[in-house]
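Tertiary structure, described
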Amino acid sequence: MAAAKVTLHTMLGNYANVAPLKSGAVHSDLVDYDFAEVKIANNLFKQIVRDAKYDLAELAIVTYLQAKAAGKPYVLIPAVVVARGQHHTIAYNAERGELKPSDLAGKRVGVRAYTVTTGTWVRGILASDYGVDLDKVEWITFEDPHVAEYRDPDVVKRAPPGKELLPMLLGGEIDAAVVGDKLSDPRLKHLIPEPEAAAKKWAERHRGVPINHMLVVRSELSESRPDVVREVFRQFRESKRAAGLTDGGPLDPYRFGVEACRPILEVIIDFCLRQKLIARPISVDELFDDTTRLLGKA
């Protein structure tokens, strides 16, 4: 008897590696997807960890680690949806003078929220590779954490109501900021010199590209329908291949399987612990269950 086909209410952004899946080019006889309308995926992360709204979703890895610590009903699937180098994402206003990572003690640095995965990566890299004492920096934030139970540490301060990150950076109210992929103003300059080359060396040294988002699935679904979870994993991997993105090497951002993801997950867990984003160490194997831990194994 054929297994019952299921429809998964799914939150997934629009990226090249998942386009064949979202278009229906990668087909399944077991799984259909009811895709939520998504413009910016991170705007919907609170719906996952506060309301458990979706059966399947992409989720920022730091948000997932905090959700795991808070007992939220999702389990990680070892499939990377978004990953990139992070060195280029922090900038300063060069018109106000040169700024180097070694100058950050006593400075104010803006970030959308302290718990943002990109910000966590940047802080960890600044501390481990550039000697920055993160506790001597004042981190200025603009949004609440996705996981409602989390409380920011004392070095984090909320920007005054009505203030925005970029105008504060350009106006000198903050000294640097995590601004994301693009420098949106000609006055801005990367804080970390030669960020692309630095990111490539980092990935080679750590055996992987920093992970931003991975897949999560309802824990109950993973327990009751492991066949569905295995099929989801197969389709996502096939979607990457159908998009012309081949597997392999430390600079491959879209990794599948626990062992392929392990080196980078170990780093981000360590960064989260050091930055007080989680209260205790979490092992990589704790992030998965008996179904998802086996995905990608021969």
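Model, not experiment: these values are computed from the prediction.

Attention now moves to the sheet that holds strand S9 (residues 176-178). Across the sheet, which stays open at both edges, the six strands sit in the order S8-S7-S6-S9-S5-S10 with mixed pairing between neighbours. Unpaired on one side and paired on the other, strand S8 (156-158) and strand S10 (188-190) mark the two borders of the sheet. On average, each strand axis in the sheet is inclined to that of its neighbour by 35°, with strand direction left out of account. Relative to the sheet, helix H4 (residues 117-130) contacts strand S5 (90-93), strand S7 (138-141) and S9, its axis offset from that of S9 by approximately 130°.

With that settled, consider the environment of alanine 83. Counting through the fold element by element, alanine 83 comes out in strand S4 (residues 74-83). The buried category is assigned to alanine 83, whose relative accessible area is 11%. Residues alanine 83 and valine 216 lie 133 residues apart in sequence; the distance between their C-alpha atoms is 15 Å. What alanine 83 contacts, discounting residues up to four positions off in sequence, is Val209, Pro210, Ile211, Asn212 and Pro253.

Considering all chains together, one arrives at 20 salt bridges under this definition. The partner of aspartate 181 in a salt bridge is arginine 84, with the nearest N and O atoms 2.9 Å apart. Of the two residues, aspartate 181 is situated in the loop between S9 and S10 and arginine 84 in the loop between S4 and S5; the sequence distance between them amounts to 97 residues. For aspartate 181, a relative accessible area of 46% gives the class partly exposed. In this structure, the salt-bridge partner of lysine 200 is glutamate 204, at a minimum N-O distance of 2.8 Å. Pair noted here: lysine 200 and glutamate 204 are both in helix H6 (residues 195-206), with a separation of four residues, about one helical turn. With a relative accessible area of 39%, glutamate 204 lands in the partly exposed category. If you follow the salt bridges from partner to partner, you end up with Glu259, Arg262 and Asp285 in one network.

It is worth spelling out the environment of valine 49 at this point. Residue placement: valine 49 occurs in helix H2 (residues 45-51). Judged by its relative accessible area of 2%, valine 49 is buried. C-alpha separation for the pair valine 49 and tyrosine 64, spaced 15 residues apart in sequence, amounts to 8.1 Å.

On to the environment of valine 232. Along the chain, valine 232 turns up in helix H8 (residues 226-242). The exposure class assigned to valine 232 is buried, which follows from its relative accessible area of 2%. As a C-alpha pair, valine 232 and serine 28 span 204 residues in sequence and 8.8 Å in three-dimensional space. If sequence neighbours within four positions are ignored, valine 232 has contacts with Leu8, Val31, Tyr33, Leu56, Ile77 and Leu215.

Before going further, it helps to spend a moment on the nonpolar core. Within the largest apolar cluster, 66 residues are counted, with the highest numbers of intra-cluster contacts made by Met11, Ile48, Ile61, Leu265, Ile268 and Leu287. Judged by nonpolar contacts, the second largest core, of 24 residues, contains Val18, Leu21, Leu56 and Val82.

A word on the sheet that holds S4. Across the sheet, five strands lie side by side as S2-S1-S3-S11-S4; this open sheet has mixed pairing. Two strands in the sheet have a free side with no partner beyond their single neighbour: strand S2 (31-35) and S4. Neighbour-to-neighbour, the strand axes of the sheet open up by a mean angle of 30°, direction not taken into account. Direction of pairing for strand S3 (residues 56-60) relative to strand S11 (residues 211-218): antiparallel, over a ladder of five bridges. Across the sheet, residue alanine 60 finds its bridge partner in S11, namely histidine 213. The sheet contacts of helix H3 (residues 61-69) involve S3, S4 and S11, and relative to S3 the element is tilted by about 105°. Seen against the sheet, helix H9 (residues 258-274) touches S4 and S11 and runs at an angle of roughly 125° to S11.

The rules behind the values
- Residues numbered from 1 in each chain as written.
- Predicted model: local features only at pLDDT ≥ 70, side-chain atom pairs only at ≥ 80, totals over all residues.
- Heavy atoms only, no water.
- Pairing = 2+ DSSP bridges.
- Helix = DSSP H or I, 4+ residues; strand = E, 2+ residues; numbered from the N terminus.
- Axes fitted to C-alpha atoms, helices over the stretch in contact; angles between N-to-C directions.
- Contact = heavy atoms within 4.5 Å.
- Buried < 20%, exposed > 50% of the residue type's maximum accessible area, 1.4 Å probe, protein only.
- Salt bridge = Lys/Arg side-chain N within 4 Å of Asp/Glu carboxyl O.
- Core = buried A, V, L, I, M, F, W, Y, C linked by side-chain atoms within 4.5 Å.

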